[in-house]
Amino acid sequence: MRFLLILLLITTVNTGTYAQAFLKTEYIGSSSYEDIDNNKTGGKGDAKVISGGIQIPFYVKMNENNRPTTWGLAIGGSYTSFNNKNISANLCPSEILNAQISLLHMRPVSKNWSLLASLGAGSYTAHADISRIKMKNVLAHGGAIFIWHLKDNLDIGGGLAVNNSFGYPMAFPSLYLDWRLGGRYEVKVSMMNAVEISAGMRVHENIKLGIIGEMNGSMALEEVNGEDMMFTHQYIVAGFRPEFTLGKSFSLSLTAGVSAIRPAYYTKRTLKSFFKAMDREHDPEFKVAPYVSLALAYKF
């Protein structure tokens, strides 16, 4: 689970040639917190997430195959507030603030292949006090993915992502998938913006009803009891989503469903701890809870 989150720090980009912005608020209801052995701890908690971002292409050129060469800038962030009861701050903080900026580049390398690259940095803290941000809270990241345009509605690819999650640069495999079916009935499977699986039906020119499954999260890089630690918070949600399009540029979507699983835990920022966490059967986590969200998006 944590492995996928690290990759998503690199692959959360959009390959569109237009400027766009979004604002999203989410609420995950209260549920019990279980430890690494899947035993109830007596604690429980909920989470509120506010996220937003903007992506601006400042250079776009199409080739003879209608493939773009683009340079762009992506800025985003999220604030997560936890309302925990009977859970120590050493197990789960009260808040997380994430902020990132990335330089994006995409270019065709052949008729059916493109290169997507990014380079950036972000701050990942278990507090919202900007004056307390240190270099230990900063994560530099970059990556390069080769994308195969297999069909008009299917792009797949892979490459490498590099970041300093463990205090020094390390490379990880990175995957890319974007599959779309259009028309009245729509299906989408994407790893462009987090992980998203959706199926829906357009009941009106400006109204779409659908069901979704998504994975998202945040993290904090902090010093706890003299040790460099990484806090991971992830959530997988499923639900019903009506989406309303207002004009050509503005859209609003509502989601109601459940948070099926929500891992939340600290680990040491070492490679040994990383693989140890990958091998264990259970992560400390919050159990199933109700989920609702409201998202606004605008294309310039």
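What counts and what doesn't
Counting of residues starts from 1 at the beginning of each chain's written sequence and follows it residue by residue. Local features in this predicted model are restricted to residues whose pLDDT is 70 or higher, and side-chain atom pairs enter the listing and the counts only when it is 80 or higher, whereas totals over whole chains, interfaces and linings include all residues. Values shown for side chains rest on all heavy atoms present in the structure; no hydrogens or waters enter the calculation. Every helix listed is a DSSP run of H or I at least four residues long, and every strand listed is a run of E at least two residues long, numbered separately from the N terminus. Here the globule rule is a power law, 2.2 Å times the number of residues to the power 0.38, and the radius of gyration is based on C-alpha atoms. Burial classes follow relative accessibility: with a 1.4 Å probe on protein chains only, a residue under 20% of its type's maximum area counts as buried, one over 50% as exposed, and anything between as partly exposed. Throughout, a residue-residue contact means that at least one pair of heavy atoms, one from each residue, lies within 4.5 Å. Accessible areas in this description were obtained via Shrake-Rupley with a 1.4 Å probe; residue shielding takes into account the shown protein chains only. Under the convention used here, Asp and Glu are negative, Lys and Arg are positive, and both His and the chain ends fall outside the count. Here the site of a charge means atom NZ of a Lys, CZ of an Arg, CG of an Asp or CD of a Glu. By definition here, a salt bridge exists when the distance from a side-chain nitrogen of Lys or Arg to a carboxyl oxygen of Asp or Glu is within 4 Å. For two strands to be treated as a pair, DSSP must find at least two bridges joining them.

Observations regarding the overall build of the protein
For step 1, the next point in the chain: Secondary structure assignment for the protein yields two helices and 15 strands.
For step 2, the next point in the chain: Taken over C-alpha atoms, the radius of gyration comes to 19 Å for the protein, in line with the 19 Å a tight globule of 300 residues would show.
For step 3, the next point in the chain: The principal-axis extent of the C-alpha atoms belonging to the protein is close to 60 × 45 × 35 Å.
For step 4, the next point in the chain: Scored against the burial criterion, the 300 residues of the protein give a buried share of 44%.
For step 5, the next point in the chain: Intrachain contacts of the protein at a sequence separation of at least 6 include 60% that bridge at least 24 residues.
For step 6, the next point in the chain: About 14900 Å² of surface is accessible on the protein, with carbon and sulfur atoms providing 62% of the total.
For step 7, the next point in the chain: Computing the positive centroid from 29 side-chain charges and the negative centroid from 24, the protein places the two 4 Å apart.

Remarks on the pattern of salt bridges
A side chain of one charge can pair with a side chain of the opposite charge if their charged atoms are brought near each other.
For step 1, the next point in the chain: One pass over the structure, following the stated rule, counts 13 salt bridges.
For step 2, the next point in the chain: With a closest N to O distance of 3.6 Å, Glu34 and Lys287 form a salt bridge. Note that Glu34 is positioned in strand E1 (residues 20-34) and Lys287 in the loop between strand E14 (285-286) and strand E15 (289-299), a separation of 253 residues in sequence.
For step 3, the next point in the chain: For Lys287, a relative accessible area of 27% puts it in the partly exposed group.
For step 4, the next point in the chain: Between Lys208 and Glu186 there is a salt bridge, with the nearest N and O atoms lying 3.0 Å from each other. With Lys208 in strand E11 (residues 207-224) and Glu186 in strand E9 (residues 185-190), this residue pair connects regions lying 22 residues apart in the sequence.

Quick look at the pairing of strand E4 (residues 95-108)
For step 1, the next point in the chain: Here strand E3 (residues 68-85) pairs with E4 via twelve bridges, running antiparallel. By the bridge assignment, Ala74 is partnered in E4 with Ser102.
For step 2, the next point in the chain: Note that E4 and strand E5 (residues 113-125) share twelve bridges and pair antiparallel. Counted as the bridge partner of Leu97 is Thr125 from E5.

Let's talk about the environment of Leu116
For step 1, the next point in the chain: For Leu116, the position within the fold is in strand E5.
For step 2, the next point in the chain: Separated by 29 residues in the primary sequence, Leu116 and Ile145 have C-alpha atoms spaced 5.2 Å apart.

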